[in-house]
Amino acid sequence: MTTVSTLAKHLALLLTTALAVLVMAGCAAEEAPSYQPSAGGEAGVPVAVAVPDLSEKAQSGEAVFNANCSACHGANAAGTALGPPLVHKIYEPGHHQDFSFRNAVQNGVVSHHWQFGNMAPVPGVAEDDVERIICYVRELQRANGIFEDERGLAAC
C-alpha cells in the first residue's frame, strides 16, 4: 500500500513538473514586446499617442492617472524609461482585462512582459478612481488602434 501511495505521489509530481515545463516553454516562446523610442531615436522617450476627445469619465481618469501613474507610465500612458506604455497591444482588453489594471493598482505586479521590474501597489487610489483610469486608458487604446470592439470600453 505504501509503494502504491509513493508511486502515485511521484507520478503526480512528474505530471506537475511536465505541465510547468510546457507552460514555461510557451511563455519563453512569446516574444517580449519592444519599447520603441521616439522618431528622434532618444532612448526612453515614448512614441506619440493620439489623444481623442475624451468622455467625461475618461477626462476624470486622466487627472487621476496623471497624479498617480504618469511618473512611470508617461503622459497619455505612452511609457517612460521607468515603466511601459499602456497604449500597447499587450494591454488590449482581450489580453489584459480591466481586472488586470485593478489588480495592478491594488496588489502590484510581478514583471512579466517588460524589463522595467516589478510594479509596486499604488496605495490611496480609490476603486472608483481606478475605474476612471481604466476608462481613460481604454479610450486612448481605442483611439490608437489597439482594439475596435465596443466591449473594450466596458469601464466607460
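Predicted model only: the values in this text are computed from it and were never measured.

Reading the values: the criteria
Residues numbered from 1 in each chain as written. Predicted model: local features only at pLDDT ≥ 70, side-chain atom pairs only at ≥ 80, totals over all residues. Heavy atoms only, no water. Helix = DSSP H or I, 4+ residues; strand = E, 2+ residues; numbered from the N terminus. Contact = heavy atoms within 4.5 Å. Areas by Shrake-Rupley, 256 points an atom, 1.4 Å probe, with all protein chains shown as cover. Buried < 20%, exposed > 50% of the residue type's maximum accessible area, 1.4 Å probe, protein only. Arc of directions from axis to C-beta. 1 Å grid on protein atoms, 1.4 Å probe; cavity = no way out; pocket = protein on both sides within 12 Å on 5 of 7 lines; lining within 4 Å. Points joined across faces, edges and corners; volume = space filled by probe spheres on them. Nonpolar A, V, L, I, M, F, W, Y, C, P; charged D, E, K, R; others polar. Core = buried A, V, L, I, M, F, W, Y, C linked by side-chain atoms within 4.5 Å. Polar contact = N/O pair within 3.5 Å; in protein donor to acceptor, adjacent residues only side chain to side chain. Expected span 1.5 Å × (residues − 1). Disulfide = S-S within 2.5 Å.

1. Let's talk about the overall build of the chain
Inference 1: Within the chain one finds five helices and zero strands.
Inference 2: When the helices and strands of the chain are placed in sequence order, the string is α-α-α-α-α.
Inference 3: Taking the contacts inside the chain whose residues are at least 6 apart along the sequence as the reference set, 58% of them involve residues at least 24 apart.
Inference 4: Carbon together with sulfur atoms contributes 60% to the accessible area of the chain, which is approximately 9700 Å² in total.

2. Section: helix H4 (residues 98–107)
Inference 1: Within H4, the full set of buried residues consists of Asp98, Phe101, Ala104 and Val105. The arc enclosing the buried residues of H4, seen along the axis, measures out at 125°, which places them on a common side. Facing away from the buried side of H4 by over 90 degrees, the exposed positions are Phe99 and Gln106.
Inference 2: Contacts made by the buried residues of H4 are with helix H5 (127–143).
Inference 3: Gly108 lies just past H4 and shows a positive phi near 80°.

3. Remarks on the layout of surface pockets
Inference 1: By volume, the largest pocket amounts to about 620 Å³.
Inference 2: Mapped onto the lining of the largest pocket, the elements with two or more residues apiece are helix H2 (56–68), helix H3 (70–73), H4 and H5.
Inference 3: The greatest single-element share of the lining of the largest pocket, amounting to six residues, is contributed by H4.
Inference 4: Of the residues that constitute the lining of the largest pocket, the class distribution is 23 nonpolar, 11 polar and no charged.

4. Thoughts on the nonpolar core
Inference 1: Formed by 28 residues in total, the largest nonpolar core has its most connected members in Phe65, Leu86, Val125, Ile133, Tyr136 and Val137.
Inference 2: Secondary-structure elements contributing two or more residues to this core are H2, H4 and H5.
Inference 3: Of the residues forming this core, the biggest block, seven residues, is contributed by H5.
Inference 4: Discounting chain neighbours no more than four positions away, the residues touching Val137 are Phe65, Leu86 and Phe101.

5. Some remarks on the side chain of Thr80
Inference 1: Residue placement: Thr80 occurs in the loop between H3 and H4.
Inference 2: Within the structure, Thr80 has its side chain in polar contact with the backbone oxygen of Cys72 (distance 2.6 Å).

6. Details of H5
Inference 1: Spanning 17 residues, H5 covers 25 Å between terminal C-alpha atoms, matching the ideal 24 Å at 1.5 Å per step.
Inference 2: All buried positions along H5 are accounted for by Val130, Ile133, Ile134, Cys135, Tyr136, Val137, Arg138, Glu139, Leu140 and Gln141.
Inference 3: Contacts made by the buried residues of H5 are with H2 and H4.

7. Topic: the state of the cysteines
Inference 1: Enumeration over the complete set of coordinates arrives at one disulfide.
Inference 2: Through a disulfide, Cys135 is tied to Cys156; the S-S separation comes to 2.3 Å. One quick way to see it: the torsion about the S-S bond of Cys135 and Cys156 is about 120°, and its sign makes the bridge right-handed. Remark: Cys156 occurs in the segment after H5 and Cys135 occurs in helix H5; sequence separation between them is 21 residues.
Inference 3: Cysteine Cys69 remains unbridged, with the sulfur of Cys72 as its closest cysteine sulfur at 8.9 Å.
Inference 4: Exposure remark for Cys69: the relative accessible area of 13% places this residue in the buried category.
Inference 5: According to the relative accessible area criterion, Cys72 is partly exposed, its value standing at 36%.

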